[in-house]
Amino acid sequence: MTADDWSIVLLSLKVAIVAVLIVLPFAFALAWLLARHRFPGRIFVDAIIHLPLVLPPVVTGWALLLLFGRTGPIGGWLDRWFDVTVMFRWTGAVIAAAVMALPLMVRAIRLSIEAVDIRLEDAARTLGASRARVFRTISLPLAMPGVLAALVLGFARSLGEFGATISFVSNIPGETGTLPIAIYAAMQVPGQEGRVVRLAIVSVMLSLGALIASELMIRRSGRQTHVL
Amino acid sequence: MSFEVDVAKRIGEAEVRCAFSSGPGLTALFGTSGSGKTSLLNMVAGLLKPDAGHIVVTGETLFGDGADVPPEARRAGYVFQDRRLFPHLSVRANLAYGRRRDAAFSELEETAAFLGICDLLDRRPSTLSGGEAQRVAIGRALLSGPRFLLMDEPLVALDRARADEIMGLIERIRDELRLPILYVSHNPAEVERLATHVVELAR
């Protein structure tokens, strides 16, 4: 592993972790909304969230380019008010990874919220607990396995994100050159086979580690929550 | 009057209609399954909103005349038929969940002794037998400082010896704590032994 290799790995970890942490509260709120509430346009909201899952990633990246470009509605606003741009920056890679991870995370959390027994929440309220306390002490702990699963799924998805990222923020080494992008770039250059192998091995180890960690976390919390 | 209830609620095709007033002690709601007994308890607990009518318990209007007290403020000690112990919490944490300092039962250990569940405090609900779980459910309700108790078939799925034990416990709650109890059952022997008043629900 060269210093360059390490910086690619660290950049990938940074992008994936930040993306997942930013998405988590939104994913939870959306999952709760879809699991617990009936409102007009619900199917539409559901479809929009899932769009990145079925769309070619390149199209998602292109859409992000339109939205976040200097003249785009969000990009222009960021530029005017905060003098911030995400174009060709690692923050742009975070946005691409976040959008791609969102549907997977919403799905995982939604399933676990739907599995929470509302009768237990009712029981808690008759015991004097406010809605907020019921959420904190009953709903959230019981939905925790889904939240953990969502974190791991989202992390793995972000780590592997390629299509949307490269079409949105291109390949800027040190900024947007995450693992898959760096591997792809190295494959195009003769004499870089060593780097391809090294980065591929790191990718396998990271993904494997995430899977094993999630399995352990789910088993541990499963002992507490899945029994009755 | 302990309970003054006059409610109507349409649930799907069925219409639950019930009116009664009863004095202190244990009021048994007796009727065949499907006559809306559990729905009635849920309305008194605030978990189900009646379409019309009023619910007054020991002089306090819980529903009607523009009032609709939320369940967490009604101070109902609800012992559910399916117990509903919190699976992710220990027995001790279940008991302590709704604990109030000003309750007749505010000491967890004391209540556990009263119910004979001192040995169970560190266990998980999933490891309890039916009778044990039922006693924990009753303890959890008592510790929440209830103004009245709602009990939904608390003896169902228990063998005779366990049922007899719990009945003894309910009699003590009725006579020593003097808590008004609204009690749902379809078992005549149980009603015969425990009830001060009987309200029969027709389908």
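Everything in this summary refers to the structure shown in the same document. Keep in mind that what you see is a predicted model, and the values were worked out from it rather than measured. (Residues numbered from 1 in each chain as written. Chains lettered and ligands numbered in written order. Predicted model: local features only at pLDDT ≥ 70, side-chain atom pairs only at ≥ 80, totals over all residues.)

Quick look at the overall build of chain A
To keep things clear, this is the line we draw: The way it works is that DSSP assigns letters per residue, a run of H or I at least four long becomes a helix, a run of E at least two long becomes a strand, and they are numbered from the N terminus. The burial criterion counts other C-beta atoms lying within 10 Å of a residue's C-beta, which is placed from the backbone; the residue is buried at 20 or more, exposed at 12 or fewer, and partly exposed between these limits. Residue pairs qualify as contacts under a 7 Å threshold applied to their C-beta atoms, which are placed from the backbone.
A count of helical and extended segments in chain A gives ten helices and zero strands. Put simply, chain A runs from its N terminus to its C terminus through helices and strands in the order α-α-α-α-α-α-α-α-α-α. With respect to the principal axes defined by its C-alpha atoms, chain A has extents near 70 × 40 × 30 Å. In chain A, which comprises 228 residues, the proportion classed as buried is 39%. Residue pairs at least 24 apart in sequence account for 76% of intrachain contacts in chain A once pairs closer than 6 positions are excluded.

As for the nonpolar core
Residue and element names in this part refer to chain A. This is how it is decided: For the purposes of this analysis, a nonpolar core is taken to be any set of buried Ala, Val, Leu, Ile, Met, Phe, Trp, Tyr and Cys residues that are connected through C-beta atoms within 7 Å.
Counting 115 residues, the largest nonpolar core has Met-105 and Ile-109 as its most contacted members. Looking at this core, the element that brings in the most residues is helix H5 (residues 90–114), giving 16 residues. Discounting residues that sit within four places of it in the chain, Ile-109 has contacts with Ala-27, Phe-28, Ala-31, Ala-143, Gly-146, Val-147 and Ala-150.

Notes on the sheet that holds strand S7 (residues 76–79) of chain B
Hydrogen bonds along the backbone pair up the strands of a sheet, which may run parallel or antiparallel. All names here are of chain B. The following threshold applies: The criterion for strand pairing is that DSSP finds at least two bridges linking the strands in question. All axes are obtained by fitting lines to C-alpha atoms, using only the stretch in contact for helices, and the reported angles, taken between N-to-C directions, cover 0 to 180 degrees.
The five strands are arranged S7-S8-S9-S3-S10 in an open sheet whose pairing can be described as parallel. Two strands in the sheet have a free side with no partner beyond their single neighbour: S7 and strand S10 (197–200). Pairs of neighbouring strands in the sheet enclose a mean axial angle of 20°, with direction left out of account.

So, the packing of helix H3 (residues 57–68) of chain A against H5(A)
Residue and element names in this part refer to chain A. Where we set the bar: The cut-offs work like this: below 35 degrees is roughly parallel, past 145 is roughly antiparallel, 65 to 115 is roughly perpendicular, and the gaps in between are oblique. Less than a right angle of anticlockwise turn of the near helix away from the far helix marks a crossing as left-handed, whereas a clockwise turn marks it as right-handed. Under the grouping applied here, Gly and all other residues not named as nonpolar or charged are polar, the nonpolar ones being Ala, Val, Leu, Ile, Met, Phe, Trp, Tyr, Cys and Pro and the charged ones Asp, Glu, Lys and Arg.
Put simply, H3 and H5 touch, their axes get as near as 11 Å, and they point 130° apart. Regarding the angle of H3 to H5, the classification is oblique. As H3 packs across H5, the resulting crossing turns out to be right-handed. Taken together, the residues of H5 that come into contact with H3 (itself represented by Pro-57, Thr-60, Gly-61, Leu-64 and Phe-68) are Gly-92, Ile-95, Ala-96, Val-99 and Met-100. Taken together, the residues that form the contact of H3 with H5 break down as seven nonpolar, three polar and no charged.

Re unusual backbone geometry
Residues and elements named next belong to chain B. Phi is positive for Asp-65, which is not a glycine, with a value near 55°. Summarising the element assignment, Asp-65 is placed in the loop between strand S5 (60–64) and strand S6 (67–68). The class of Asp-65 is exposed, set by 8 C-beta atoms lying within 10 Å. Positive phi values are uncommon outside glycine, yet Arg-84 reaches one of about 55°. When the 24 C-beta atoms within 10 Å are taken as the criterion, Arg-84 is described as buried.

Here's the deal with helix H2 (residues 42–54) of chain A
Keep this limit in mind: Working rule for helices: expected span equals 1.5 Å times residues minus one. Take the seven residues that end at a residue and the seven that start at it, fit an axis to each, and the angle between those axes is the bend at that residue.
A rise of 1.5 Å per residue sets the reference length of H2(A), with its 13 residues, at 18 Å; its end C-alpha atoms lie 19 Å apart and thus fit the reference within 8%. A:Ile48 marks the point of greatest bend in H2(A), at about 30°, and the proline A:Pro52 comes within the next four residues.

Digging into the interface of chain A and chain B
Listed per partner, the contact involves 18 residues of chain A and 18 residues of chain B. Contributions of two or more residues to the side of chain A that touches chain B are made by helix H6 (118–126), helix H7 (131–160) and helix H10 (193–225) of chain A. With seven residues, the top contributor of residues to the side of chain A that touches chain B is H6(A). Looking at the side of chain A that touches chain B residue by residue, the classes come out as ten nonpolar, five polar and three charged.

What about the environment of B:Ala67?
Looking at the element boundaries, B:Ala67 is found in strand S6. Remark: the alpha-carbon pair of B:Ala67 and B:Leu201, spanning 134 residues in sequence, is separated by 25 Å.

Comments concerning the sheet that holds strand S2 (residues 14–22) of chain B
All names here are of chain B. As summarised here, the arrangement of the five strands in space is S2-S1-S4-S5-S6, forming an open sheet in which the pairing is antiparallel. The open sheet is flanked by S2 and S6, the only strands paired with a single partner. By the bridge criterion, six bridges tie strand S1 (residues 3–11) to strand S4 (residues 52–57) in an arrangement that is antiparallel. Residue pairing across strands places Glu-4 opposite Val-56, the latter belonging to S4.

Notes on the environment of B:Ala14
Residues and elements named next belong to chain B. For Ala-14, the position within the fold is in strand S2. Under the C-beta neighbour-count criterion, Ala-14 is labelled partly exposed, with 13 such atoms within 10 Å. Sequence separation of Ala-14 and Ser-35 is 21 residues, and the distance between their C-alpha atoms is 9.0 Å.

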